[in-house]
Amino acid sequence: MSEFSPVDCAHMARALELAERGIYGAHPNPMVGCVIVKDDQVAGEGWHERAGEPHAEINALRAVGADASGATVYVTLEPCAHHGKTPPCAAALIDAGVGRVVAAMRDPDVRVAGKGLEALTSAGIETELGLMQAAAESLNAGFLSRVTRNRPFVRLKVASSIDGAIAMKNGESQWITGPEAREDVQRLRARSGAVMTGIGTVLADDPALNVRNEEIETHGLQPLRVVLDSDLRMPPAAGMLTIPGKTLVCCTGRHDHSRLVDAGAEVQTFRASWQSVELLKLSHWCGM
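### Digging into helix α1 (residues 6-19)
The terminal C-alpha atoms of α1, which comprises 14 residues, lie 20 Å apart, in line with the 20 Å expected from a rise of 1.5 Å per residue. Here the buried face of α1 lies against β1 (33-38), β2 (41-47), β3 (72-75), β4 (100-103) and α5 (133-139).

### A few points about the layout of surface pockets
Considered as a void within the structure, the second largest pocket measures approximately 820 Å³ in volume. Along the wall of the second largest pocket there are 41 residues; nearest its centre are His27, Pro28, Asn29, Ala51 and Arg146. With 3 residues, helix α6 (residues 141-149) is the single largest residue contributor to the lining of the second largest pocket. Counted by class, the lining of the second largest pocket contains 18 nonpolar, 12 polar and 11 charged residues.

### Examining the nonpolar core
By size, the foremost hydrophobic cluster in this structure holds 49 residues, and its most contacted members are Met12, Cys34, Ile36, Val73, Leu93, Val101 and Leu120. Counting residues in hydrophobic clusters, the runner-up holds 15 residues, among them Val195, Leu232, Met240 and Leu260.

### Overview of the pattern of salt bridges
If charged atoms from side chains of opposite charge come close, those side chains can pair. Summed over the entire model, instances satisfying the criterion amount to 8 salt bridges. One salt bridge in this structure joins arginine 100 and aspartate 8, with 3.1 Å as the shortest N-O distance. A residue pair is termed long-range when its members are at least 10 positions apart, and arginine 100 in strand β4 and aspartate 8 in helix α1 qualify at 92 residues. In this structure, lysine 38 and aspartate 67 form a salt bridge, with 3.6 Å as the shortest nitrogen-oxygen distance. You can see lysine 38 sitting in strand β1 and its partner aspartate 67 sitting in the loop between α2 (56-64) and β3, a full 29 residues away along the chain. We classify aspartate 67 as partly exposed; its relative accessible area is 47%.

### Points about the sheet that holds strand β8 (residues 247-251)
Taken in spatial order, the 4 strands of this open sheet run β6-β7-β8-β9, and their pairing is parallel. Edge positions in the sheet fall to β6 (194-198) and β9 (266-269), since each has one partner strand and no second. Between one strand axis and the next, the sheet turns through 25° on average, direction left out of account. Here strand β7 (residues 224-228) runs beside β8; their pairing, made up of 4 bridges, is parallel. The partner of valine 226 across the bridge, within β8, is leucine 248.

### Quick word on the pairing of β8
Extensive coverage of β8 is indicated by the burial of 5 of its 5 residues. Alternating positions in β8 separate into two faces, Thr247, Val249 and Cys251 on one and Leu248 and Cys250 on the other, with burial throughout. Pairing analysis gives 4 bridges linking β8 to β9, with the strands arranged parallel. If you follow leucine 248 over to β9, its bridge partner there is glutamate 266.

### Considering the sheet that holds β4
Read across the sheet, 5 strands follow the order β2-β1-β3-β4-β5 without closing on themselves; strand pairing throughout is mixed. Looking at which strands have only one partner, the edges of the open sheet turn out to be β2 and β5 (126-129). Adjacent strand axes in the sheet meet at a mean angle of 15° when their direction is disregarded.

### Describing the pairing of β3
Every other side chain in a regular strand lies on the same face of the sheet, so the side chains alternate between the two faces. Burial along β3 is two-sided: the face carrying Thr72 and Tyr74 and the face carrying Val73 and Val75 are both buried. Sheet analysis places β3 next to β4, joined by 4 bridges and oriented parallel. Looking at the pairing, threonine 72 lines up with arginine 100 of β4.

About the thresholds
- Residues numbered from 1 in each chain as written.
- Predicted model: local features only at pLDDT ≥ 70, side-chain atom pairs only at ≥ 80, totals over all residues.
- Heavy atoms only, no water.
- Helix = DSSP H or I, 4+ residues; strand = E, 2+ residues; numbered from the N terminus.
- Expected span 1.5 Å × (residues − 1).
- Contact = heavy atoms within 4.5 Å.
- 1 Å grid on protein atoms, 1.4 Å probe; cavity = no way out; pocket = protein on both sides within 12 Å on 5 of 7 lines; lining within 4 Å.
- Points joined across faces, edges and corners; volume = space filled by probe spheres on them.
- Nonpolar A, V, L, I, M, F, W, Y, C, P; charged D, E, K, R; others polar.
- Core = buried A, V, L, I, M, F, W, Y, C linked by side-chain atoms within 4.5 Å.
- Buried < 20%, exposed > 50% of the residue type's maximum accessible area, 1.4 Å probe, protein only.
- Salt bridge = Lys/Arg side-chain N within 4 Å of Asp/Glu carboxyl O.
- Pairing = 2+ DSSP bridges.
- Axes fitted to C-alpha atoms, helices over the stretch in contact; angles between N-to-C directions.

See below:
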(Lines give C-alpha, C1' and ligand atoms only; values in the text may rest on other atoms or scores of the structure.)
Protein backbone atom coordinates (compact mmCIF):
# COMPACT_ATOMS: atom_id res chain seq x y z
CA MET A 1 0.00 0.00 0.00
CA SER A 2 1.31 3.47 -0.87
CA GLU A 3 2.72 5.69 1.83
CA PHE A 4 1.34 9.18 1.38
CA SER A 5 3.00 12.25 2.85
CA PRO A 6 1.26 15.10 4.71
CA VAL A 7 1.79 17.19 1.57
CA ASP A 8 -0.02 14.57 -0.50
CA CYS A 9 -2.90 14.61 1.98
CA ALA A 10 -3.15 18.39 1.91
CA HIS A 11 -3.34 18.53 -1.88
CA MET A 12 -5.92 15.73 -2.07
CA ALA A 13 -8.02 17.46 0.59
CA ARG A 14 -7.99 20.53 -1.62
CA ALA A 15 -8.99 18.43 -4.64
CA LEU A 16 -11.98 17.12 -2.66
CA GLU A 17 -12.99 20.69 -1.80
CA LEU A 18 -12.84 21.59 -5.48
CA ALA A 19 -14.86 18.52 -6.46
CA GLU A 20 -17.73 19.59 -4.23
CA ARG A 21 -18.12 22.77 -6.26
CA GLY A 22 -19.75 20.60 -8.94
CA ILE A 23 -22.47 19.50 -6.54
CA TYR A 24 -25.28 21.22 -8.48
CA GLY A 25 -23.96 20.98 -12.03
CA ALA A 26 -21.97 17.79 -12.62
CA HIS A 27 -24.92 15.38 -12.42
CA PRO A 28 -25.25 12.71 -13.76
CA ASN A 29 -21.45 12.66 -13.93
CA PRO A 30 -19.45 12.32 -10.72
CA MET A 31 -18.05 15.33 -8.89
CA VAL A 32 -14.30 15.43 -9.47
CA GLY A 33 -11.59 17.83 -8.35
CA CYS A 34 -7.98 18.11 -9.48
CA VAL A 35 -4.85 19.87 -8.21
CA ILE A 36 -1.62 20.03 -10.23
CA VAL A 37 1.61 20.66 -8.33
CA LYS A 38 4.96 21.50 -9.92
CA ASP A 39 8.18 22.49 -8.17
CA ASP A 40 6.38 22.22 -4.83
CA GLN A 41 3.85 24.86 -5.86
CA VAL A 42 0.22 24.56 -6.91
CA ALA A 43 0.32 25.27 -10.63
CA GLY A 44 -3.34 24.70 -11.48
CA GLU A 45 -6.68 23.66 -10.07
CA GLY A 46 -9.93 22.53 -11.63
CA TRP A 47 -13.18 20.69 -11.09
CA HIS A 48 -15.91 19.18 -13.24
CA GLU A 49 -18.39 22.01 -13.40
CA ARG A 50 -21.15 20.64 -15.61
CA ALA A 51 -21.97 17.43 -17.47
CA GLY A 52 -20.85 17.60 -21.08
CA GLU A 53 -18.17 20.18 -20.33
CA PRO A 54 -14.43 19.63 -19.64
CA HIS A 55 -13.49 17.34 -16.78
CA ALA A 56 -11.52 18.40 -13.72
CA GLU A 57 -8.13 17.36 -15.13
CA ILE A 58 -8.63 19.37 -18.31
CA ASN A 59 -9.66 22.47 -16.39
CA ALA A 60 -6.64 22.09 -14.12
CA LEU A 61 -4.28 21.68 -17.07
CA ARG A 62 -5.72 24.80 -18.67
CA ALA A 63 -5.21 26.67 -15.40
CA VAL A 64 -1.52 25.72 -15.39
CA GLY A 65 -1.10 27.86 -18.50
CA ALA A 66 2.49 26.66 -18.91
CA ASP A 67 4.59 23.52 -19.00
CA ALA A 68 3.08 20.75 -16.82
CA SER A 69 5.85 18.24 -17.53
CA GLY A 70 7.00 16.36 -14.46
CA ALA A 71 4.13 17.70 -12.34
CA THR A 72 2.19 15.70 -9.76
CA VAL A 73 -1.56 15.48 -10.32
CA TYR A 74 -3.97 14.89 -7.45
CA VAL A 75 -7.41 13.84 -8.65
CA THR A 76 -10.39 12.54 -6.68
CA LEU A 77 -11.38 9.92 -9.29
CA GLU A 78 -9.33 7.83 -11.69
CA PRO A 79 -8.86 9.78 -14.97
CA CYS A 80 -11.20 8.56 -17.67
CA ALA A 81 -9.83 6.54 -20.58
CA HIS A 82 -12.74 6.62 -23.01
CA HIS A 83 -14.23 9.05 -25.49
CA GLY A 84 -17.61 10.29 -24.25
CA LYS A 85 -18.89 13.83 -24.59
CA THR A 86 -15.28 14.88 -23.96
CA PRO A 87 -11.90 13.30 -24.85
CA PRO A 88 -10.17 10.99 -22.32
CA CYS A 89 -8.39 12.76 -19.48
CA ALA A 90 -5.71 10.07 -19.20
CA ALA A 91 -4.55 10.90 -22.72
CA ALA A 92 -4.45 14.61 -21.92
CA LEU A 93 -2.27 13.98 -18.86
CA ILE A 94 0.06 11.79 -20.92
CA ASP A 95 0.33 14.47 -23.62
CA ALA A 96 1.10 17.06 -20.93
CA GLY A 97 4.00 14.93 -19.71
CA VAL A 98 3.05 14.84 -16.03
CA GLY A 99 5.28 12.71 -13.84
CA ARG A 100 2.94 11.36 -11.16
CA VAL A 101 -0.81 10.89 -10.73
CA VAL A 102 -2.42 10.27 -7.34
CA ALA A 103 -6.08 9.20 -7.53
CA ALA A 104 -8.36 8.93 -4.52
CA MET A 105 -10.38 6.06 -5.97
CA ARG A 106 -10.78 3.83 -8.98
CA ASP A 107 -13.62 4.70 -11.36
CA PRO A 108 -16.11 1.75 -11.27
CA ASP A 109 -17.59 2.68 -14.64
CA VAL A 110 -16.87 -0.30 -16.92
CA ARG A 111 -15.59 2.11 -19.58
CA VAL A 112 -12.78 3.06 -17.19
CA ALA A 113 -12.40 0.55 -14.31
CA GLY A 114 -8.60 0.75 -14.11
CA LYS A 115 -7.97 1.52 -17.77
CA GLY A 116 -7.10 5.15 -17.02
CA LEU A 117 -4.41 4.23 -14.51
CA GLU A 118 -3.15 1.46 -16.78
CA ALA A 119 -2.74 3.93 -19.66
CA LEU A 120 -0.82 6.32 -17.43
CA THR A 121 1.45 3.57 -16.11
CA SER A 122 2.11 2.28 -19.64
CA ALA A 123 3.22 5.79 -20.58
CA GLY A 124 5.80 5.77 -17.80
CA ILE A 125 3.83 7.92 -15.37
CA GLU A 126 3.96 6.97 -11.69
CA THR A 127 0.46 6.24 -10.38
CA GLU A 128 -0.86 5.81 -6.86
CA LEU A 129 -4.36 4.98 -5.68
CA GLY A 130 -6.38 5.17 -2.47
CA LEU A 131 -5.53 8.51 -0.85
CA MET A 132 -8.67 9.69 1.02
CA GLN A 133 -10.72 7.07 -0.78
CA ALA A 134 -13.54 7.01 1.80
CA ALA A 135 -14.10 10.76 1.46
CA ALA A 136 -14.12 10.50 -2.33
CA GLU A 137 -16.63 7.65 -2.24
CA SER A 138 -18.90 9.53 0.15
CA LEU A 139 -18.86 12.57 -2.11
CA ASN A 140 -20.19 10.53 -5.04
CA ALA A 141 -22.49 8.07 -3.26
CA GLY A 142 -25.20 8.57 -5.88
CA PHE A 143 -22.90 7.99 -8.84
CA LEU A 144 -21.43 4.88 -7.24
CA SER A 145 -24.86 3.41 -6.48
CA ARG A 146 -26.03 4.00 -10.04
CA VAL A 147 -22.91 2.50 -11.62
CA THR A 148 -22.37 -0.47 -9.29
CA ARG A 149 -25.97 -1.37 -8.30
CA ASN A 150 -27.95 0.05 -11.22
CA ARG A 151 -30.15 2.02 -8.85
CA PRO A 152 -30.02 5.49 -7.31
CA PHE A 153 -28.89 6.48 -3.85
CA VAL A 154 -32.09 7.40 -2.00
CA ARG A 155 -32.60 10.06 0.66
CA LEU A 156 -35.88 10.22 2.60
CA LYS A 157 -37.20 13.57 3.77
CA VAL A 158 -40.00 13.62 6.35
CA ALA A 159 -41.47 16.67 8.10
CA SER A 160 -43.43 15.64 11.17
CA SER A 161 -44.17 16.74 14.71
CA ILE A 162 -42.64 14.90 17.65
CA ASP A 163 -45.71 12.63 17.87
CA GLY A 164 -45.45 11.69 14.18
CA ALA A 165 -48.18 13.96 12.78
CA ILE A 166 -47.78 15.80 9.48
CA ALA A 167 -50.88 18.03 9.75
CA MET A 168 -53.69 18.92 12.13
CA LYS A 169 -56.62 16.52 12.62
CA ASN A 170 -58.86 18.63 10.40
CA GLY A 171 -56.38 18.20 7.56
CA GLU A 172 -55.20 21.80 7.63
CA SER A 173 -51.64 21.90 6.42
CA GLN A 174 -49.12 23.56 8.75
CA TRP A 175 -45.44 24.44 8.60
CA ILE A 176 -43.67 21.94 10.83
CA THR A 177 -40.10 22.66 9.78
CA GLY A 178 -38.37 26.01 10.09
CA PRO A 179 -36.69 28.14 7.39
CA GLU A 180 -33.33 26.44 7.89
CA ALA A 181 -34.81 23.00 7.20
CA ARG A 182 -36.67 24.29 4.15
CA GLU A 183 -33.39 25.73 2.88
CA ASP A 184 -31.81 22.30 3.34
CA VAL A 185 -34.62 20.80 1.24
CA GLN A 186 -33.85 23.18 -1.60
CA ARG A 187 -30.17 22.24 -1.54
CA LEU A 188 -30.94 18.52 -1.38
CA ARG A 189 -33.23 18.91 -4.39
CA ALA A 190 -30.57 20.82 -6.31
CA ARG A 191 -28.02 18.02 -5.85
CA SER A 192 -30.48 15.22 -6.67
CA GLY A 193 -31.27 13.64 -10.01
CA ALA A 194 -34.92 13.11 -9.08
CA VAL A 195 -37.50 14.04 -6.44
CA MET A 196 -40.29 11.55 -5.76
CA THR A 197 -43.70 11.94 -4.16
CA GLY A 198 -47.04 10.15 -4.12
CA ILE A 199 -50.27 11.09 -5.87
CA GLY A 200 -51.88 11.84 -2.51
CA THR A 201 -49.47 14.72 -1.97
CA VAL A 202 -50.03 15.96 -5.50
CA LEU A 203 -53.82 15.99 -5.08
CA ALA A 204 -53.68 17.61 -1.63
CA ASP A 205 -50.88 20.16 -2.07
CA ASP A 206 -50.16 20.53 -5.81
CA PRO A 207 -46.39 20.72 -5.11
CA ALA A 208 -43.85 22.05 -7.60
CA LEU A 209 -40.97 19.77 -6.49
CA ASN A 210 -38.48 22.13 -8.09
CA VAL A 211 -35.49 24.18 -6.92
CA ARG A 212 -36.80 27.65 -6.19
CA ASN A 213 -33.88 29.22 -4.33
CA GLU A 214 -32.30 31.57 -6.87
CA GLU A 215 -29.08 31.69 -4.84
CA ILE A 216 -28.40 28.05 -5.74
CA GLU A 217 -26.61 27.92 -9.09
CA THR A 218 -27.99 24.85 -10.84
CA HIS A 219 -26.94 25.93 -14.36
CA GLY A 220 -30.60 25.67 -15.34
CA LEU A 221 -30.91 22.04 -14.22
CA GLN A 222 -33.98 20.82 -12.36
CA PRO A 223 -34.37 17.37 -10.81
CA LEU A 224 -36.71 14.92 -12.50
CA ARG A 225 -40.08 15.03 -10.74
CA VAL A 226 -41.39 11.49 -10.11
CA VAL A 227 -45.00 10.86 -9.07
CA LEU A 228 -46.15 7.44 -7.83
CA ASP A 229 -49.68 7.21 -9.22
CA SER A 230 -50.85 3.60 -9.59
CA ASP A 231 -54.35 4.48 -10.83
CA LEU A 232 -53.19 7.44 -12.94
CA ARG A 233 -55.20 10.12 -11.15
CA MET A 234 -52.64 12.85 -11.90
CA PRO A 235 -54.51 15.99 -13.02
CA PRO A 236 -53.27 17.44 -16.33
CA ALA A 237 -53.52 20.88 -14.72
CA ALA A 238 -51.02 20.01 -11.97
CA GLY A 239 -48.65 22.87 -11.30
CA MET A 240 -45.49 20.85 -11.83
CA LEU A 241 -46.50 20.28 -15.46
CA THR A 242 -46.43 24.02 -16.15
CA ILE A 243 -42.86 24.80 -15.03
CA PRO A 244 -39.42 24.02 -16.49
CA GLY A 245 -38.17 20.49 -16.01
CA LYS A 246 -39.47 16.98 -16.62
CA THR A 247 -42.19 15.05 -14.79
CA LEU A 248 -42.41 11.25 -14.79
CA VAL A 249 -45.75 9.74 -13.71
CA CYS A 250 -45.54 6.08 -12.71
CA CYS A 251 -48.65 3.92 -12.87
CA THR A 252 -49.70 0.27 -12.98
CA GLY A 253 -52.17 -1.51 -15.24
CA ARG A 254 -53.80 -0.19 -18.39
CA HIS A 255 -54.62 3.52 -18.60
CA ASP A 256 -54.99 6.19 -21.23
CA HIS A 257 -51.75 8.18 -21.04
CA SER A 258 -52.67 10.72 -23.69
CA ARG A 259 -54.14 13.44 -21.47
CA LEU A 260 -51.01 13.62 -19.33
CA VAL A 261 -48.63 13.26 -22.25
CA ASP A 262 -50.41 16.15 -23.95
CA ALA A 263 -49.93 18.17 -20.75
CA GLY A 264 -46.18 17.58 -20.89
CA ALA A 265 -45.67 14.56 -18.61
CA GLU A 266 -43.88 11.31 -19.35
CA VAL A 267 -45.92 8.29 -18.25
CA GLN A 268 -44.45 4.86 -17.56
CA THR A 269 -46.30 1.69 -16.58
CA PHE A 270 -44.62 -0.54 -13.98
CA ARG A 271 -45.40 -3.92 -12.53
CA ALA A 272 -47.63 -3.72 -9.45
CA SER A 273 -46.60 -4.81 -5.97
CA TRP A 274 -49.48 -4.83 -3.47
CA GLN A 275 -51.49 -2.76 -5.97
CA SER A 276 -48.80 -0.09 -6.09
CA VAL A 277 -45.83 0.67 -8.33
CA GLU A 278 -43.02 -1.76 -7.57
CA LEU A 279 -40.38 0.55 -6.15
CA LEU A 280 -37.42 -1.75 -6.75
CA LYS A 281 -38.30 -1.98 -10.44
CA LEU A 282 -38.69 1.81 -10.55
CA SER A 283 -35.34 2.31 -8.80
CA HIS A 284 -33.59 0.14 -11.38
CA TRP A 285 -35.31 2.08 -14.16
CA CYS A 286 -34.15 5.39 -12.66
CA GLY A 287 -30.62 4.01 -12.22
CA MET A 288 -30.17 3.23 -15.90
